[in-house]
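# Commentary on secondary and tertiary structure
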Amino acid sequence: MKIILAKSAGFCFGVKRATTMAFAAAENRDQICSFGPIIHSPQVVQRLADKGVTVVDDIDAIEDAAVIIRSHGVEAGDLDRIQNRGLEIIDATCPFVKKAQNHAALLASEGYVVVVVGEAEHPEVQGIVSYAAGCQAHVVAGRDDAEKLPRATKIGIVAQTTQSYENFKQVVDACLGRCQELRVFNTICDATNVRQAEAKAIAAAVEVMLVVGGYNSANTTRLASICRDIQPRTHHIETTDEILQEWFVDVKTVGVTAGASTPHWIIEQVVDRLTECGG
Ligand code: SF4
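Position numbers for residues start from 1 in each chain and track the written sequence from start to end. The predicted origin of the model limits local features to residues at a pLDDT of at least 70 and limits the giving and counting of side-chain atom pairs to 80 or more, whereas totals for whole chains, interfaces and linings rest on all residues. As a rule here, side-chain values cover all heavy atoms of the structure and leave hydrogens and water aside.

Mapped onto the secondary structure, Ala66 falls in strand β4 (residues 66–69). Whether a residue is buried, partly exposed or exposed follows from its accessible area with a 1.4 Å probe, protein chains only, as a fraction of its type maximum: under 20%, in between, or over 50%, in that order. When its relative accessible area of 3% is taken as the criterion, Ala66 is described as buried. Residues Ala66 and Leu87, 21 residues apart in the sequence, show an inter-C-alpha distance of 6.0 Å. By definition in these notes, contact holds between two residues if any of their heavy atoms fall within 4.5 Å. Excluding anything up to four places from it in sequence, Ala66 contacts Arg29, Gln31, Ile32, Cys33, Glu88 and Ile90. A run of H or I in DSSP becomes a helix once it reaches four residues, and a run of E becomes a strand once it reaches two; helices and strands are each numbered from the N terminus.

The structure is reproduced here in structure tokens:
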């Protein structure tokens, strides 16, 4: 059985940077926590917990501890509250997310109605919106939402970093007809598109596809759904324990990819397990 491992499988730049910062910070601090799980990988969160990094979701409950800010950022008000408490901040917000937050703030300060293209419930989007303080801000999922926006003199657009270009372009197109001035900041990060394109190509070339990553990771779940549309024998797994030998009976090729928050050690364990299964 041939194993095809995606080159883009595993940590993206921002997640790698955040976890490296968190492990380094845990080495020389006694009291340290992260505000929300640092990334969507229960295994990485557990390894950090073993190093003393607790996860908190209530700022008032933090005692005297350094606070790590997760890769997809937090709301501006929460950051202010942590700062006002005088706690040490280790800001692991991905620079690409930071850029989207800064552009939203700039647009708001210059009087634009801010439109954020993304999922309203996603913490990254809620964070970006919070930086557009003092202006009207709207979150739109796609063209249909954008066509319902009230008309405005000036509209400024930013995107959740994981959006597709196609969806972003459709929103831009819809907004063109709803204002006199349109300003667009392309804040999409390529990591997601690259990973999805490679996963599609591999899923089309194999008989069984494994997508490795946290069940709470939106990008892994999306990756699994994209692969399943192409190869119905796609399995979303979190760890090697879930792999069953029976999946590979008479199988000649198996593909493996992983979400942006899946650590390399889990991917290596999956490949080792596949090797035991005849890979
Ligand atoms: S997907 Fe892109 S924006 Fe999001 S954390 Fe990774 S590198 Fe940063």
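From this point, things continue past the structure.
By salt bridge we mean one thing: a side-chain nitrogen of Lys or Arg within 4 Å of a carboxyl oxygen of Asp or Glu. With the rule as written, the count across this model stands at ten salt bridges. Arg81 is the partner of Asp60 in a salt bridge, and the nearest nitrogen-oxygen pair spans 3.5 Å. Of the two residues, Asp60 sits in the loop between β3 (53–56) and β4 while Arg81 sits in helix α3 (residues 76–84), which places them 21 residues apart along the sequence. Judged by relative accessible area, which is 56%, Asp60 ranks as exposed. For Arg81, a relative accessible area of 37% gives the class partly exposed. Note that Glu166 is salt-bridged to Lys169, the shortest N-O span being 4.0 Å.

Counting buried residues in strand β8 (residues 152–159) gives six out of eight residues, a clear majority hidden from the surface. Pairing analysis gives five bridges linking strand β6 (residues 113–117) to β8, with the strands arranged parallel. Bridged to Val115 within β8 is Ile157. Bridge count for β8 against strand β9 (residues 179–184) is five bridges, and the pairing is parallel. Looking across to β9, one finds that Ile157 is bridged to Val184. When the strands point away from the viewer, a crossover counts as right-handed if the path from the first strand over the helix to the second runs clockwise. Regarding the hand of the β-α-β motif, the stretch spanning β8, helix α7 (residues 165–176) and β9 is right-handed. A pair of strands is labelled paired if DSSP reports no fewer than 2 bridges between them.

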